[in-house]
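This is what each chain is made of:
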Amino acid sequence: GLGLITLLYILNRRLDLEENVVQVATTATVAYLSFYTAEISCGMSGVISVVMTGITTATFGGGMINSRKLMESFWHIVEHVLNTVLFSLGGVVWGSIISNSN
């Protein structure tokens, strides 16, 4: 979380729209790295690590985000796509369980 805040502070020049994309990519990258570091390297809960990274970023780094609308739109799209994939896979697994039980 603190690394993301440092990166947002460094990128806080507010000059180009390209930096908005870099900020969004940075949040996605730090979320993944936070999960990987906690889960694989430290043997702790990756989900809790990602949640704490998000809380830390929202608390201390919220004012450093250039385009809050872009950031929220990106994460809403990611949420929608991942929910669609999750429930589609769940439906396929459930369908195979039902069809094999007969």
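First, a word on scope: everything that follows refers to the structure included in this document. Keep in mind that this is a model prediction, so the values were computed, not measured.

On to the packing of aromatic side chains. Summed over all chains, the structure comprises one aromatic pair. Between Phe74 and Trp75, the ring centres sit 5.0 Å apart and the planes meet at 75°, which makes this aromatic pair edge-to-face. Using a relative accessible area of 29% as the deciding quantity, one classes Phe74 as partly exposed. Among the residues examined, Trp75 registers a relative accessible area of 33% and is labelled partly exposed.

A volume near 400 Å³ is recorded for the largest pocket. Forming the walls of the largest pocket are 15 residues, and the residues nearest its centre are Thr27, Thr53, Gly54, Thr57 and Trp75. For the lining of the largest pocket, the secondary structure elements donating two or more residues are helix H2 (18-41), helix H3 (46-60) and helix H4 (68-101). Counting residues per element, the lining of the largest pocket draws most heavily on H3, at six residues.

So, about a nonpolar patch on the surface. Taken together, Phe35, Val47, Ile48, Val51, Met52 and Ile55 make up a surface patch of nonpolar side chains, about 540 Å² in accessible area. Inspection of the secondary structure puts Val51 in helix H3.

Our focus in this paragraph is the environment of Phe74. Structurally, Phe74 can be placed in helix H4. Along the primary structure Phe74 and Val24 are separated by 50 residues, whereas in three dimensions their C-alpha atoms are 7.6 Å apart. For Phe74, the residues in contact, after removing those within four places along its chain, are Val24 and Ala28.

Parameters at a glance
Residues numbered from 1 in each chain as written. Predicted model: local features only at pLDDT ≥ 70, side-chain atom pairs only at ≥ 80, totals over all residues. Heavy atoms only, no water. Phe/Tyr/Trp six-rings, centres within 6.5 Å; stacked < 30°, edge-to-face > 60°. Buried < 20%, exposed > 50% of the residue type's maximum accessible area, 1.4 Å probe, protein only. 1 Å grid on protein atoms, 1.4 Å probe; cavity = no way out; pocket = protein on both sides within 12 Å on 5 of 7 lines; lining within 4 Å. Points joined across faces, edges and corners; volume = space filled by probe spheres on them. Helix = DSSP H or I, 4+ residues; strand = E, 2+ residues; numbered from the N terminus. Patch = residues over 30% accessible without salt bridge, like charges linked within 9 Å, V, L, I, M, F, W, Y side chains within 5 Å. Areas by Shrake-Rupley, 256 points an atom, 1.4 Å probe, with all protein chains shown as cover. Salt bridge = Lys/Arg side-chain N within 4 Å of Asp/Glu carboxyl O. Contact = heavy atoms within 4.5 Å.

Interpretation in functional terms is not warranted from these geometric data alone.
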